[in-house]
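# Fold and contact review
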Amino acid sequence: MDNVTVLVKDFSITPGSRELDEGKRAHTGEDFRDNFLEPAFKNILETNSKLTVNLDGTIGYGTSWLEEVFGGLARRYGNDIVLSKLNFISEEEPYLIDDILDYIKNA
Amino acid sequence: MRGKNLFKQDFNPYKNKIKKPKPRYRTKEEIVDDESKKRYTIIAAPDNFSFVENPEETIVFINNLEKCYLTRERVYVNLQNVTALDYSAVTVLLSVMFSFKARNIKFNGNFPKNENLAQMLIDSEFFKFLSRQITDKLEYTVGKANQIFTRANKEVNSELGLPVMIEASRTIWGKERTCKGLQRTLLELMQNTNNHASINQKGEKHWWLSINHDRTHKKVTFIFVDYGVGIFESLKNKPTDNKWYGWFEKLTDKLFVGENNDIFKLLLEGEMHLTVTGQHFRGKGLPGIKQVLDRNQISNLKIISNNVSADVADNKYLRLKNQFSGTFVTWELNESNVNAPWIM
């Protein structure tokens, strides 16, 4: 199976806060993780493929969104598995990748 | 007898004003106005009405209004002697007026004598909404998107960042630019109010965002305020299973800390997070906004909460004599700030 790429901008160009109950127009991390990232993650989990998350093309990120998505995935599947299966592209905000790796490690 | 409600005049009161000699006795209007005031608790705004420049007196003013709000007393705000007024004060007036009216408590007052200051209030649409019935809603929108624009909500609305960014970048650079630090700042603040402004539950308190466009100087000023418990009161009330529970003891065990202003500096710089949780803060929450400032994505960041006033950009953290129950944040976006081509 080929490597798979998920583009956050396909979910929303205005990713917002952490949890669904925080607003009807909050474009939450919980929503992205459960409905975009995790289904794609499950598909590659038992394969040799990797999942690349492309963070470019949005108007910016809140930290809670990033923590809920990637820290949240690590809490479900384990830090090491998530670290080994995910790659990141963030040309517009390269510093986000270090933050995300930290969220995963400390989930 | 019902008084003449000056705030209900949705027009410039100084237009076509003709100077007349002062009569010996009170005019009919003055008598009506005086009678009207008798039914109200009169609260005078500070002469220098600015949260940024004069936080102590502005907090006293807000606290006096809050007392009336809690006891459902009618309020008459005396603005006549205001000699200086800025958008931080306009935002306070707007948010307080909406809060009173949403609870069906009468709110009235007069215009500043200074015509420019009166015009500033008129431009904010403060008077327009004073004459309207306001119900307790999730969201309020006041003003025009590319002038003085105020939005209130209890929820996080990440979509708001899009039109705000478009309008702000048009004012500053004459075209749409992506300002990712602006969106992060808005998100962290909205989430902060939604999650922490009330001790009891999420989404109980409104946040107020006012945006003011200065085309001459190519800058946009943002004012964000909530009347929640404030940063320190929120931290004090963490449940036992929260990573911040017992933060003060953990902090004083390892570091010499003084008053709240010293602690606030540690909090914004991420030191507090590291000491209390043992983890790097990674931009979370308020330190994330300081990081945005450090990256030059925004300018002139100032924060007031509880008894601390922080001019973060100038690294000045002061302890206030008066306690503000809530969080006030202001920052600026200007030509010098980091920006990128429009994403769409």
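## Observations regarding the overall build of chain A
- Looking only at helices and strands, one finds five helices and three strands in chain A.
- Going from the N terminus to the C terminus, chain A shows its helices and strands as β-α-α-β-α-α-β-α.
- Taking 2.2 N^0.38 as the reference for a compact globule, 107 residues should give roughly 13 Å; the C-alpha atoms of chain A span a radius of gyration of 13 Å, in line with that estimate.

## Section: the domain arrangement of chain B
All names here are of chain B.
- Partitioning chain B into structural domains gives domain 1 (1-135) and domain 2 (143-344).
- Contacts between domain 1 and domain 2 engage 19 residues on the former and 20 residues on the latter.
- Secondary structure elements with two or more residues in the side of domain 1 that touches domain 2: helix H2 (55-71) and helix H3 (87-102).
- Top contributing element to the side of domain 1 that touches domain 2 by residue count: H3, with eight residues.
- Its residues assigned to classes, the side of domain 1 that touches domain 2 shows 11 nonpolar, five polar and three charged.

## Some points on the interface of chain A and chain B
- Taken together, the contacts link 27 residues of chain A with 26 residues of chain B.
- Going through the elements one at a time, helix H3 (63-77) and helix H5 (95-105) of chain A are the ones with two or more residues in the side of chain A that touches chain B.
- When grouped by side-chain class, the residues that make up the side of chain A that touches chain B number six nonpolar, 12 polar and nine charged.

## So, the sheet that holds strand E2 (residues 51-54) of chain A
Residues and elements named next belong to chain A.
- Sheet architecture is open: three strands sit in the order E1-E2-E3, paired in parallel fashion. Two strands in the sheet have a free side with no partner beyond their single neighbour: strand E1 (4-7) and strand E3 (86-89). Across the sheet, the axes of successive neighbouring strands diverge by a mean angle of 25°, strand direction being ignored.

## Here's the deal with H2(B)
Residues and elements named next belong to chain B.
- With 17 residues, H2 extends 24 Å between its outermost C-alpha atoms, agreeing within 8% with the 24 Å of an ideal straight helix rising 1.5 Å per residue.
- Of the positions making up H2, those classed as buried are Pro55, Thr58, Ile59, Phe61, Ile62 and Leu65. All buried residues of H2 project into a common sector of 160° when viewed along the axis, lining one side. Exposed and oriented more than 90 degrees from the buried face of H2 are Leu70 and Thr71.
- Next to the buried residues of H2 lie strand E1 (41-44), strand E2 (48-49), strand E3 (75-78), H3, strand E11 (299-311) and strand E12 (316-334).
- Directly beyond the C-terminal end of H2, a positive phi value near 60° is found at Arg72.

## Things to note about the environment of Val308(B)
Residues and elements named next belong to chain B.
- Within the element layout of this structure, Val308 appears in strand E11.
- Counting along the chain gives 214 residues from Val308 to Leu94, while the straight-line C-alpha distance between them is 23 Å.
- Not counting residues up to four positions away in its chain, the partners in contact with Val308 are Asn260, Asn261, Phe264, Tyr317, Arg319 and Leu320.

## Regarding the nonpolar core
- In this structure, Val90(B), Leu93(B), Met97(B), Phe126(B) and Phe224(B) are the most contacted members of the largest nonpolar core, which totals 78 residues.
- Ranked by residue count, the leading element in this core is H3(B), at 10 residues.
- When residues of this core are assigned to domains, at least three map to each of domain 1 (1-135) and domain 2 (143-344) of chain B.
- With sequence-adjacent residues up to four places away left out, Phe126(B) is seen in contact with Val90(B), Leu93(B), Leu94(B), Met97(B) and Leu121(B).
- Residues Val8(A), Phe41(A), Val69(A) and Ala74(A) belong to the second largest nonpolar core, which totals 20 residues.

## Considering the confidence of the model for chain B
Residue and element names in this part refer to chain B.
- The share of residues in chain B with pLDDT of 70 or more is 81%, and the mean pLDDT across the chain is 83.
- Mean pLDDT in chain B bottoms out at helix H9 (residues 247-254), which sits at 65, and peaks at strand E8 (residues 177-178), which reaches 98.
- If you check the scores for this complex, the pTM reads 0.86 and the ipTM reads 0.96.

## What about the packing of H2(B) against H3(B)?
All names here are of chain B.
- It is the contact of H2 with H3, at a shortest axis distance of 11 Å, that shows an interaxial angle of 5°. Considered as vectors, H2 and H3 are oriented roughly parallel to each other. In this structure, H2 contributes Thr58, Ile62, Leu65 and Tyr69 to the contact, and H3 contributes Ala89, Val92, Val96, Ser99 and Phe100.
- Taken together, the residues of the contact of H2 with H3 sort by class into seven nonpolar, two polar and no charged.

Calculation rules
- Residues numbered from 1 in each chain as written.
- Chains lettered and ligands numbered in written order.
- Predicted model: local features only at pLDDT ≥ 70, side-chain atom pairs only at ≥ 80, totals over all residues.
- Helix = DSSP H or I, 4+ residues; strand = E, 2+ residues; numbered from the N terminus.
- Rg over C-alpha atoms; globule rule 2.2 N^0.38 Å.
- Domains from an automatic or database assignment.
- Contact = placed C-beta atoms within 7 Å.
- Nonpolar A, V, L, I, M, F, W, Y, C, P; charged D, E, K, R; others polar.
- Pairing = 2+ DSSP bridges.
- Axes fitted to C-alpha atoms, helices over the stretch in contact; angles between N-to-C directions.
- Expected span 1.5 Å × (residues − 1).
- Buried ≥ 20, exposed ≤ 12 C-beta atoms within 10 Å, placed from the backbone.
- Arc of directions from axis to C-beta.
- Core = buried A, V, L, I, M, F, W, Y, C linked by C-beta atoms within 7 Å.
- pLDDT = per-residue confidence, 0-100.
- Parallel < 35°, antiparallel > 145°, perpendicular 65-115°, else oblique.

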